[in-house]
Amino acid sequence: MTAVEPDEVADTAPPAIRVGAPTERRNPRSVDLDLMTTRDVVTVINEADRRVPAAVAGVLDQIAATVDLAVVALRAGHRVHYFGAGTSGRLGVLDVAELAPTFNSPRHWFCAHLAGGTEAMWRAVENAEDDDRGGAAEVAECVDAGDVVVGLAASGRTPYVLGALAAARAKGAATVLLCANPEAEAARSVDVFIGVDTGPEVVTGSTRMKAGTAQKLVLNTFSTAVMVRLGRVYSNLMIDMVATNAKLRGRMISILMEATGCSEEISRRALHEADGDLKTALVSLVSGAGVSAARAALARSEHHVRDALALLAS
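Scoring rules and cut-offs
- Residues numbered from 1 in each chain as written.
- Predicted model: local features only at pLDDT ≥ 70, side-chain atom pairs only at ≥ 80, totals over all residues.
- Heavy atoms only, no water.
- Pairing = 2+ DSSP bridges.
- Helix = DSSP H or I, 4+ residues; strand = E, 2+ residues; numbered from the N terminus.
- Axes fitted to C-alpha atoms, helices over the stretch in contact; angles between N-to-C directions.
- Contact = heavy atoms within 4.5 Å.
- Phe/Tyr/Trp six-rings, centres within 6.5 Å; stacked < 30°, edge-to-face > 60°.
- Buried < 20%, exposed > 50% of the residue type's maximum accessible area, 1.4 Å probe, protein only.
- Salt bridge = Lys/Arg side-chain N within 4 Å of Asp/Glu carboxyl O.
- Arc of directions from axis to C-beta.

## So, the sheet that holds strand 4 (residues 174-179)
Here is step 1 of the chain: The strand order 2-1-3-4-5 describes an open sheet built from 5 strands, whose pairing is parallel. The open sheet terminates on both sides in strands that have one partner only, identified here as strand 2 (110-114) and strand 5 (192-195). Across the sheet, the mean angle separating the axes of adjacent strands is 15° when strand polarity is ignored.
Here is step 2 of the chain: Here strand 4 runs beside strand 5; their pairing, made up of 4 bridges, is parallel. Within strand 5, the position partnered with L177 by the bridge is F193.
Here is step 3 of the chain: Relative to strand 4, helix 7 (residues 159-171) is tilted by about 160°, and along the sheet it contacts strand 1 (80-84), strand 2, strand 3 (148-152) and strand 4.

## Here's the deal with the environment of A289
Here is step 1 of the chain: Examined against the element boundaries, A289 turns out to sit in the loop between helix 11 (278-287) and helix 12 (291-300).
Here is step 2 of the chain: Residues A289 and D61 lie 228 residues apart in sequence; the distance between their C-alpha atoms is 40 Å.
Here is step 3 of the chain: With residues near it in sequence (within four places) discarded, A289 still touches S284 and L312.

## A few points about the packing of aromatic side chains
Here is step 1 of the chain: A complete count under the given rule lists 4 aromatic pairs for this structure.
Here is step 2 of the chain: Centre to centre, the rings of Y82 and F110 are 6.0 Å apart; their planes meet at 70°, and the pair counts as edge-to-face. Of this pair, Y82 sits in strand 1 while F110 sits in strand 2, and the two are 28 residues apart along the sequence.
Here is step 3 of the chain: Looking at Y82, the relative accessible area reads 1%, which means it is buried.
Here is step 4 of the chain: By relative accessible area, F110 is classed as buried at 4%.
Here is step 5 of the chain: Through a chain of ring-to-ring contacts, three or more aromatic side chains come together here, namely Y82, F110 and F222.

## Topic: the environment of S301
Here is step 1 of the chain: Mapped onto the secondary structure, S301 falls in the loop between helix 12 and helix 13 (305-313).
Here is step 2 of the chain: Placed 10 residues apart in sequence, S301 and L311 show a C-alpha to C-alpha distance of 8.0 Å.

## So, the pattern of salt bridges
Here is step 1 of the chain: In total, this model carries 5 salt bridges according to the counting rule given.
Here is step 2 of the chain: E265 is the partner of R269 in a salt bridge, and the nearest nitrogen-oxygen pair spans 3.3 Å. Of this pair, R269 and E265 both sit in helix 10 (residues 264-273), separated by 4 residues, roughly a single helical turn.
Here is step 3 of the chain: Taking the relative accessible area as the measure of exposure, R269 reaches 40% and is therefore partly exposed.
Here is step 4 of the chain: Counted as one network, the salt bridges with shared partners bring together R232, D240 and K279.

## Focus on helix 10
Here is step 1 of the chain: Among the residues of helix 10, S267, A270 and L271 are the ones counted as buried. End-on view of helix 10: buried residues confined to an arc of 100°, all on one side of the axis. Projecting away from the buried face of helix 10 at angles above 90 degrees are the exposed residues E265 and H272.
Here is step 2 of the chain: Buried residues along helix 10 sit against helix 9 (246-260) and helix 11.
Here is step 3 of the chain: Backbone geometry just after helix 10 places D275 at a positive phi near 60°.

Right under this line is the structure:
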């Protein structure tokens, strides 16, 4: 067998980068994790998870700024894009998938882009996150000036994400980076930087844990607030939801009863007369106007329930 010199190994080995993000540091509370009882392991994980909501509370101003960017963009006919890899990208896909059934939002409003494509939802795709040109190429195909591009990267340095953000900024899109590294260098290259300080993971470098939980919380907060600002919520009720099963059809009746104080029978009848459109039925019941008038008022008010009710009352 021929001996291989160390320099030859270095020349042929795939590139390796040491990441200095907080998520890559060792957590002193879990250094004996593999020696603990099962109960102690889950306790350590739970205690670490408690830090996440407080960390997210530290970036609420930045989340609010991102919401305002998105609302302006969507009202002007533009879109919001998520670009991510691995857990971060999958969480972006999850958030987008839930918006249409929850808020009946147009499917083109939010777009999720995952390094490695659809296959990467189920298994890791080799080197996909290192492909900065891949991120830039997707931006070239589907992002327009005026859109909002949100990069999702736990470390704050994922090449696929940074490539997408750079290309988006060059096209005139607003850019946002959401990560778990408050000191990420890319913070200086985006319009809004959301660096959530979740600290070291219980299992070193496993960003599917606290960093992923923080991203889920931020994305839920962001997209929900956007939908509230766009009139997809009345009080704290989902009045734009799509009833795709029996449970959700029952929820529609409950929402009408809660919002109007009407009986179940009256709520069912109003929903039927409105052809299953919960928002129209709600405006009709609250205002006392007919279905046609309620539908017209919603159209004139950009489908904001309170504005529609004000129109009918004037």
